[in-house]
Amino acid sequence: MSFLILETMEIPDHPRPAAAAPVKRRRLAPAPIVVLTSLLLLCFAVPSIPSAPSSAPTSPADTAWMLTAAALVLIMTPGLAFFYGGMVSKKNVLSTMLQSFICMVVITLLWVMVGFSLSFGDSLHGIVGNPATFFMFRNVLDGSPYPLAPTIPLVLFAIFQLKFAIVTPALITGAFAERIRFQSYLLFICLFSLFIYCPLAHATWHPQGILFQLGVLDFAGGTVVHMSAGWAALASAVYMRRRSEAEHNPARITYVLLGTGLLWFGWFGFNAGSAYGANGLAATALATTTTASAAAAFGWILFDAARGRKMSASGTCIGAVVGLVAITPAAGYVSIPHSILIGLISAVVSNVMVILRSRTRIDDTLDVFPCHGMGGITGMLLTGVFASKGVNPAIAGNGLLFGESKLFLVQAGALIGVSLFAFGGTWLLLRISNSLLPLRVSDEEERTGLDRSQHGESL
C-alpha cells in the first residue's frame, strides 16, 4: 500500500538555483585618491626637523588652564551635533550630526597645512596672514609665544585657535540641513575656512589686522565665528532654495537638551579661554558667560509665554545658546548686570527674527541666521554700548553708555563691513562649489533622507 501511495504522489521538481547575478566592479573614484595621495606627498615633501620646544618663559598655571580650555572648546562641536541633530527629521539625524563631526577631521588638517598661517602668520596688509609663515606647522613647536598670548607655548595657542576654526563652519550646517550633498559640503567648508574664516580671524585678532588696528572689540568670536557663520547661513539658505518637505517634527528633543548642555559647558573654554591665562579676566568672562546665557534662556521662554505659547524645552535651549552667542564678543569687557541685559535683549531680538523669517520663503532649516547671526550682531553692537575700562583697563575707550561714542561707531562700521564680506563671499563660494560639485541632493534623495542616500546608514 505504501508503495502505491508513493508511486501515485506527485513529487515536485527541485528548482535549479538561479544563476548568480554578475557582481559589478566599482570603479575607483579619482578625486579621493588624488586628495589622499597629495596629503601623503605633502607630509613627506615638507622638511620637518625635530627640535626642542621654545625656551621662552611660560606660565605653568596659564598653560594648564589653556590645555583645559582647548579641550572644552572642542567638545562644543559634538555638542552642536546633538543640538542640530535633535531638531531635524529622523531620516536626517546622522547626516546632520556627521556634518559637525567631519569638521573636526577636515578643518584640523587644513589648519595645520595653511589655516593657522593665513590667520596668524605674518600680516599681508592687515587682510590675511602669509601662508608660508607656519606652513604645515613649521616653527610652531619651537616658536616663541604669540604676542597676544605670551605666557603659553605657541603650539597651544595654535591648537586652541583651531577649535574656533572647527566649530565655525559646523554652525552653518543648520541652514542647509536635509538637502546638501556630503561631498559638496566638504568642498564648501574648505573654501569657507580658507577665504572667509581665516581672513576674518586675521583682521580681528592679529595685532596688525585691519579691524584690530581700528579698535574693534571681539573678545572670543562674535564677529569671527558667529557673525561670519550667521551671514554664511543666510546666503546658503537663499542659494540652496527651499526643501520639498520643509515641515517636520524634531527627531529627539532630548538630543537638543544634551547638545545645549555640552555647548554651555564648552563655552566656558570658548570665552574664558580667550583671556589666554588663569587670571581675573578669565574669571570675569566665565561669570558673564554664565549669567548672559541664563538670562537669555529665561527671556526666550518669557517672550514665548507673552505670545501665548508654551514654555518649551526647545525654546529654553535655543534661548540659552543665543545668550552664549551674544555675550561672546563682550565677555571680557562688560559687568555682570550688563551681561544679563545682553542676554535678555538678544533673546527678544532673535525670537522676533525667527518669527519674521518664518513669514518669508527663506528656508533656514534651524534658524541659524536669526539665532547665531543676529545673536552675534546684537552682541557686537552691545559691546559698543556696555564695554567698560573699569572691567578691562586694556581697551582703548568706554562704550556708549558711559558717554563715549567712538567705540560704538567702530563696532557698527565693522559690523557693516563684515556682513557684506561674509554674505557676499559665501555666495561666491557657493556658486564655485556648485559649479564643481552640485550642492543639492535630488528630490528622490531628499525624500529618502540624507542618512541613507548620502551615507547608507540609519538610526
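Note that the structure is a prediction, hence the values are computed from the model and not measured.

Our next topic: the overall build of the chain. Helix and strand counts for the chain stand at 16 helices and two strands. Overall, the chain is about 115 × 65 × 40 Å in size when its C-alpha atoms are taken along their principal axes. Residue burial in the chain is summarised as follows: out of 459 residues, 52% are buried. The contacts of the chain with a sequence gap of at least 6 include a subset with a gap of at least 24, amounting to 77%. A total of about 20,800 Å² of accessible surface is found on the chain, and carbon and sulfur atoms cover 68% of it. Computing the positive centroid from 27 side-chain charges and the negative centroid from 21, the chain places the two 4 Å apart.

The next point concerns the packing of aromatic side chains. What characterises a pair of aromatic rings is the spacing of the ring centres plus the angle enclosed by the ring planes. For the structure shown, the criterion picks out 25 aromatic pairs. Seen from their ring centres, F82 and Y255 are 5.4 Å apart, and the 85° between their planes marks the pair as edge-to-face. With F82 in helix α3 (residues 60-85) and Y255 in helix α9 (residues 253-272), this residue pair connects regions lying 173 residues apart in the sequence. Ring centres 6.2 Å apart and planes at 90° place the aromatic pair W231 and F423 in the edge-to-face group. Of this pair, W231 sits in helix α8 (residues 222-240) while F423 sits in helix α14 (residues 406-436), and the two are 192 residues apart along the sequence. Taking the relative accessible area as the measure of exposure, F423 reaches 28% and is therefore partly exposed.

Of all residues in the chain, 92% attain a pLDDT of 70 or more, and the chain-wide mean is 92. Contacts for the low-pLDDT stretch residues 1-12, under 50 throughout, to residues beyond four places or in other chains number zero contacts.

All right, on to the pattern of salt bridges then. According to the stated counting rule, one finds eight salt bridges in the structure shown. The shortest N-O distance in the salt bridge between E178 and R243 comes to 2.4 Å. One end of the pair, E178, is in the loop between α5 (154-172) and α6 (182-205); the other, R243, is in the loop between α8 and α9, and 65 residues separate them in sequence. The two residues E178 and R243 agree in class, both being buried. Shared partners join several salt bridges into a network, and the residues in it are E178, R179, R243 and D363.

What counts and how
Residues numbered from 1 in each chain as written. Predicted model: local features only at pLDDT ≥ 70, side-chain atom pairs only at ≥ 80, totals over all residues. Heavy atoms only, no water. Helix = DSSP H or I, 4+ residues; strand = E, 2+ residues; numbered from the N terminus. Buried < 20%, exposed > 50% of the residue type's maximum accessible area, 1.4 Å probe, protein only. Contact = heavy atoms within 4.5 Å. Areas by Shrake-Rupley, 256 points an atom, 1.4 Å probe, with all protein chains shown as cover. Lys, Arg positive; Asp, Glu negative; His and termini not counted. Charge placed at Lys NZ, Arg CZ, Asp CG, Glu CD. Phe/Tyr/Trp six-rings, centres within 6.5 Å; stacked < 30°, edge-to-face > 60°. pLDDT = per-residue confidence, 0-100. Salt bridge = Lys/Arg side-chain N within 4 Å of Asp/Glu carboxyl O.

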